[in-house]
Amino acid sequence: MLSERMLSKVVEATTGRYLKLGPVTEDRMPAPQAGKRYMLYMHVPFCERLCPYCSFNRFPFAEDRARPYFQSMRTEMLMLRELGYDFDSVYVGGGTPTIMLDELCETLDLARDTFPGIKEVSAETNPNHLIPSYIEQLEGRVQRLSVGVQSFDDGLLRQMDRYDKYGSGEEILERIAEASPHFVSMNADMIFNFPAQTEDILISDIERVVESGASQTTFYPLMASPSVQRQLARTVGPVDYRREQRFYEIICDLLVGTGAFEFGSAWTFNRVGGSVSGSAHDAETTLAFDAVPDAHMIDEYVVNYEEYPAIGSGGITYLGDTLYVNTFSVKEYNEAIGAGRMSMMGKTRFTLRDRMRYRFMMQLFGLGLDKQEFQRDFGVSIERGLPVELAFMRASGAFAKDDARELTLTPKGRYLTVVMMRQFFIGVNNLRDQARQALTGAERELIFG
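Once a new chain begins, its residue numbering starts again from 1 and follows that chain's sequence as written. In view of the model being predicted, local features appear only for residues whose pLDDT reaches at least 70, and side-chain atom pairs are presented and counted only at 80 or more, with totals across whole chains, interfaces and linings using the full set of residues. Processing note: side-chain calculations cover all non-hydrogen atoms of the structure and skip hydrogens and water entirely.

Asker: Could you give an account of the sheet that holds strand E14 (residues 344-349), with specific residues and numbers?
Answerer: We call two strands paired when DSSP finds no fewer than two bridges between them. The numbering of helices and of strands both runs from the N terminus, where a helix is a DSSP run of H or I of at least 4 residues and a strand a run of E of at least 2. Taken together, 3 strands build an open sheet; the order of strands is E12-E13-E14 and the sheet is antiparallel. The open sheet is flanked by strand E12 (316-319) and E14, the only strands paired with a single partner. With strand direction ignored, the average angle separating the axes of adjacent strands in the sheet is 20 degrees. Sheet analysis places E12 next to strand E13 (residues 322-326), joined by 4 bridges and oriented antiparallel. Bridge assignment links threonine 317 to a residue of E13, and that residue is tyrosine 324. Lines fitted to C-alpha atoms define the axes, with helix axes restricted to the stretch in contact, and inter-axis angles between N-to-C directions lie between 0 and 180 degrees.

Below, the structure is given as structure tokens:
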């Protein structure tokens, strides 16, 4: 599709311009702004083994490396309290956050004690941790558990080096079904457009998601930075973006078209009849959701929280007009926290136009943009602030509603938003590659050796 190719090139060029790390002089994050809602992101970078397609900060697990790290994260959390932060939501990503369950539970307990505003906690995990001893500890501490499935196809799981680690597709399916009733929301994280994936494999994956009982599923397009794409091409084949739209249409048709799920974002789907009712398209309903714990909180927390501090090695913070990246070195991270400093190793600033583009993309990804809020926050209408972007999307038939109040999306508009988000996250993965290149010594050998 011509509009997809044009959009990919434009977003790639713009993110390549502003997602570049420069030096940082601050030893603490900026203080919070009065009246603003914040979410806390925690990053746990340890995995039993490293997946070839992953661009996040991650290291092979070792207990003597992980225990001091969790202690440093708890110390950094207290630094945020000293700065005046409170949070109503926590998201723990990785890596594998549940890799040391006792440390994770202690960290989450401290978070709730430290920040009384917390209403919900989301955490990622892997299928091998969906066992009774883990579920017993997580139940009540975590409201939304997101399990990295990627695919139920045994052949793909073997290609991704996940079969031996996490079991067969059938075993993963059974574990999700057993774990789901213990959480407010259980999300099955899936990948589509993996090089060896066929339409039949994708359809089977969708059918198994429906069968699993998961209350939510996220189907991510494969988002690999150039360095990861080269590794994928050597191991399982090149990424083919020409079939991405067709795969996305199959996902939407089989999940939403059958009435089993509804859209939560452009690539997140909530089971109909779950614990949160109403449509994510409805602006008033969305505002009502913001006032209570959201059982369908999505991985892309940037939709509901435009600004968020991140703690942990490899965490990415966005506050005001500045994006900060924490050191990817666990050793340097521990040293910085031990010296009373936070661990930002680089930053990049967004111009006013970049911030407007970011809002445009994130709110459309969340299925609707509030034009009045846009004008209030930026002092200019979206028509004047982003005339070229708006004209392109209008000409492409992206908008179902385009009035004085809001923008909502057509099916084509949802796919174009997926394209924007895919390219944006590839840009963020490039940013991670820049930070990863700063690793030295034994840590560099662990990742690059």
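Asker: Account for the side chain of arginine 422, with residues named and values stated.
Answerer: Locating arginine 422 in the fold gives a position in helix H17 (residues 411-436). The rule is simple: take the accessible area with a 1.4 Å probe, protein chains only, and divide by the maximum for that residue type; under 20% is buried, over 50% is exposed, in between is partly exposed. Judged by its relative accessible area of 1%, arginine 422 falls in the buried class. Within polar-contact distance, the side chain of arginine 422 engages the side chain of glutamate 4 at 3.0 Å. Contact criterion: two residues are considered in contact whenever any of their non-hydrogen atoms come within 4.5 Å of each other. Excluding residues within four positions of it along the chain, arginine 422 makes contact with Glu4, Ser8, Pro221, Leu222, Met223, Tyr241, Glu244, Trp267 and Tyr415. By the criterion applied in these results, polar contacts are pairs of N or O atoms within 3.5 Å in which, for protein atoms, one can donate a hydrogen and the other can accept it, and in which residues neighboring in sequence qualify only through two side-chain atoms.

Asker: Requested: an account of the environment of aspartate 403, with residues and values cited.
Answerer: Along the chain, the position of aspartate 403 falls in the loop between strand E16 (399-402) and strand E17 (406-409). With relative accessibility at 33%, the residue aspartate 403 sits in the partly exposed group. Between the alpha carbons of aspartate 403 and lysine 371 there is a distance of 8.7 Å; along the sequence they are 32 residues apart.

Asker: How would you summarise the pattern of salt bridges if you had to cite specific residues and measurements?
Answerer: Close approach of charged atoms lets side chains of opposite charge pair. The rule for a salt bridge is simple: a side-chain nitrogen of Lys or Arg has to be within 4 Å of a carboxyl oxygen of Asp or Glu. In this structure the tally under the stated criterion is 33 salt bridges. Here lysine 36 and glutamate 307 are joined by a salt bridge, their closest N and O atoms 3.6 Å apart. Of this pair, lysine 36 sits in the loop between helix H1 (2-18) and strand E1 (39-44) while glutamate 307 sits in the loop between helix H11 (283-290) and strand E11 (310-311), and the two are 271 residues apart along the sequence. Residue lysine 36 is classed as partly exposed on the basis of its relative accessible area of 34%. The partner of glutamate 103 in a salt bridge is arginine 67, with the nearest N and O atoms 2.8 Å apart. With glutamate 103 in helix H3 (residues 101-114) and arginine 67 in helix H2 (residues 63-83), the pair connects residues that are 36 residues apart, well separated along the chain. The class for arginine 67 is partly exposed, based on a relative accessible area of 30%. One network of salt bridges, in which partners are shared, links Glu63, Arg67, Arg74, Asp102, Glu103 and Glu106.

Asker: Requested: an account of the packing of helix H8 (residues 199-212) against helix H10 (residues 244-255), with residues and values cited.
Answerer: In the contact formed by H8 and H10, the axes pass within 10 Å of each other and the chain directions differ by 30 degrees. Relative to H10, the element H8 is oriented roughly parallel. When you trace H8 past H10, the crossing you get is right-handed. For the pair H8 and H10, the contacting residues are Glu199, Leu202, Ile203, Ile206 and Val210 in the first and Arg246, Phe247, Ile250, Ile251, Leu254 and Leu255 in the second. Here the term charged refers only to Asp, Glu, Lys and Arg, the term nonpolar to Ala, Val, Leu, Ile, Met, Phe, Trp, Tyr, Cys and Pro, and the term polar to all other amino acids, Gly among them. Across the contact of H8 with H10, the residue classes tally to 9 nonpolar, no polar and 2 charged. Orientation categories follow fixed angle ranges, with anything under 35 degrees roughly parallel, anything over 145 roughly antiparallel, 65 to 115 roughly perpendicular, and all other angles oblique. By definition, turning the near helix anticlockwise from the far helix through less than a right angle yields a left-handed crossing, and turning it clockwise yields a right-handed one.

Asker: Which residues make up unusual backbone geometry, and what are the values?
Answerer: Omega for the peptide link from glycine 94 to glycine 95 comes to 15 degrees, which places this bond in the cis form. Mapping glycine 95 onto the fold places it in the loop between strand E4 (89-94) and H3. We note that aspartate 161 has phi near 60 degrees; this positive angle belongs to a residue other than glycine. Relative to the helices and strands, aspartate 161 resides in the loop between helix H5 (154-159) and helix H6 (163-166). Look at leucine 367: it is not a glycine, yet its phi comes out positive at around 90 degrees. Here leucine 367 shows up in the loop between helix H13 (352-365) and strand E15 (368-370). Overall, leucine 367 belongs to the buried group, its relative accessible area being 1%.

Asker: Describe the packing of helix H7 (residues 169-179) against H8, and please don't skip the residues or the numbers.
Answerer: Running from N to C, H7 and H8 cross one another at 30 degrees; their axes reach a closest spacing of 9 Å. In terms of orientation, H7 and H8 fall into the roughly parallel class. For the pair formed by H7 and H8, the contact residues are Gly169, Glu170, Leu173, Ile176 and Ala177 on the first element and Arg208, Glu211 and Ser212 on the second. By residue class, the composition of the contact of H7 with H8 is 3 nonpolar, 2 polar and 3 charged.

Asker: Would you mind going over the pairing of strand E6 (residues 144-150) in detail, with residue names and values included?
Answerer: Among the 7 residues of E6, 7 are classified as buried, and the element is accordingly described as predominantly covered. Side chains Arg144, Ser146, Gly148 and Gln150 project from E6 onto one buried face, and the interleaved Leu145, Val147 and Val149 project onto a second face that is buried too. In this structure, strand E5 (residues 120-125) lies alongside E6, joined through 4 bridges in parallel fashion. By the bridge assignment, threonine 125 is partnered in E6 with valine 147. With 6 bridges connecting them, E6 and strand E7 (residues 185-192) associate as parallel partners. Paired with glutamine 150 across the strands is methionine 190, a residue of E7.

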